[in-house]
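An overview of the molecular structure
So you can see what is in the structure, the chains are spelled out below.
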Amino acid sequence: MNAPKRGARGRETEPRAPVRSGSPTFFGLPACSEWEDLSAQVAILGVPYDGGINDRPGARFGPLAIREASLRFPALDKEGWYDVEAGRQILRGVGMVDAGDVDIRSVETAQNFARITQAVGQLLALSAFPVLVGGDHSITYPVVLAFAGRPLRLVQFDAHMDFTDEWHGQRYSHDNQMRRAIELPHVDGLTQIGVRGLFERLEPYQAAQRSGVAIVTSQEVVEKGPKEALAGIALEGPCYVTIDIDVLDPGIAPGTGFPEPGGLSYYQLRDALQEVARRAQVVGFDLTEVSPPYDGPSQVTARIAARLILDFLGAIFPSRE
Ligand code: MN
Ligand code: MN
């Protein structure tokens, strides 16, 4: 038995074995813990925080579950992946790393948020494209805060609006973060895609309409198709995209805290993300609310989440020839 060949950083240069083992990284990518050395175009960072959830916690385990599920799509070499349905190679030659996790400590909201903002700011200073893997959806606020001084629009994929101003004294839960984000001076607007369900309070909806939030409901996407449903939506310029996995039909993605009847298929969400990438200049994105305790033994929600990260990155970064 020969010892595996190792590269300069001690990583095996032979392809990863087909049996999952060891410490998972996102897509089996190299782990980068010394950020001073980070020169990759894309940095995937876990945010294992779910202190923003009122009911049904568990999203703090999302980054770990998505890392493990992502090993189904291992980055074997610099060639990227061949998408047989699109008939093209994606992410060839695009440098990507697993940047680890934000140092989340228990239940301290303000300090955890500060650490999230600081970490994302550091990645932006290194000119890395940040991909944040939650965690509950409240993390989007401290992430968007890190883009201060860089005007951008927000595009949110979600069954819910997350636009409550205050409820039972809470202003920083995963039901408030889009309201908080749109208050930031560098945020130019918000589009919400996939909204559905029954509202027990109208104030958030009315406030969103007053703020000029554009809403594309789930049913519009399902009936018209993603491209036509997004046709009238302003998507030009720098955009930060936030994906709450509950935008998907809970029949295909049950592993989330607030499953909502209805929802998008995998293809509809993928095509909508590709349409956003085609029309806007995406400057970063997050994927939140994958909650492994509700995912069941198949862990299929984590796997769909991993696949969507690659699909979206593949639409944002063209393969190099
Ligand atoms: Mn939601
Ligand atoms: Mn949400």
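Everything discussed here concerns the structure shown above.
So, here's what we can say about the structure. (Residues numbered from 1 in each chain as written. Chains lettered and ligands numbered in written order. Predicted model: local features only at pLDDT ≥ 70, side-chain atom pairs only at ≥ 80, totals over all residues. Heavy atoms only, no water.)

What describes a pair of aromatic rings is the distance from one ring centre to the other and the angle between the planes of the rings. Within this structure, the stated rule accounts for ten aromatic pairs. Measuring from ring centre to ring centre gives 5.4 Å for Y266 and Y267, while their planes differ by 55°; the resulting arrangement is tilted. Given the relative accessible area of 15%, Y266 is considered buried. Residue class for Y267 comes out partly exposed when judged on its relative accessible area of 42%. Where F285 meets F312, the ring centres are 4.7 Å apart and the plane angle is 50°; that geometry is what we call tilted. Residue F285 is found in strand β10 (residues 281-288), and its partner F312 is found in helix α9 (residues 300-316); the two are separated by 27 residues along the sequence. (Phe/Tyr/Trp six-rings, centres within 6.5 Å; stacked < 30°, edge-to-face > 60°. Buried < 20%, exposed > 50% of the residue type's maximum accessible area, 1.4 Å probe, protein only. Helix = DSSP H or I, 4+ residues; strand = E, 2+ residues; numbered from the N terminus.)

Listed as protein donors to the manganese ion (ligand 2) are H137 (ND1), D158 (OD), D162 (OD) and D244 (OD); their distances from the metal cover 2.1 to 2.2 Å. Here the donor residues of the manganese ion (ligand 2) share one chain and are spaced in sequence as H-x20-D-x3-D-x81-D. Separating the manganese ion (ligand 2) from the manganese ion (ligand 1) is a gap of 3.3 Å, bridged by D158, which donates to each. Remark: D162 occurs in the loop between β6 (152-157) and α4 (177-182) and H137 occurs in the loop between β5 (129-134) and α3 (140-145); sequence separation between them is 25 residues. Accessibility assignment for this pair places H137 and D162 in one class, buried. (Donors = N, O, S within 2.8 Å, 3.2 Å for Na, K, Ca; no water.)

What follows is about the pattern of salt bridges. Enumeration over the complete set of coordinates arrives at 18 salt bridges. For E183, the salt bridge is made with R180, and the minimal N-O distance between the two is 3.0 Å. The class of E183 is partly exposed, set by a relative accessible area of 46%. Taking relative accessible area as the criterion, R180 reaches 2% and is therefore assigned buried. Of the charged contacts in the structure, one is a salt bridge between K224 and E220, with a shortest N-O distance of 3.6 Å. Taken together, the residues K224 and E220, both in helix α6 (residues 218-224) and four residues apart, mark about one turn of the helix. Classification of K224 by relative accessible area gives partly exposed; the value is 43%. Residues joined in a network through salt bridges with shared partners are D165, E166, R171, R180 and E183. (Salt bridge = Lys/Arg side-chain N within 4 Å of Asp/Glu carboxyl O.)

The quantities given are spatial measurements derived from coordinates; they are silent on function.
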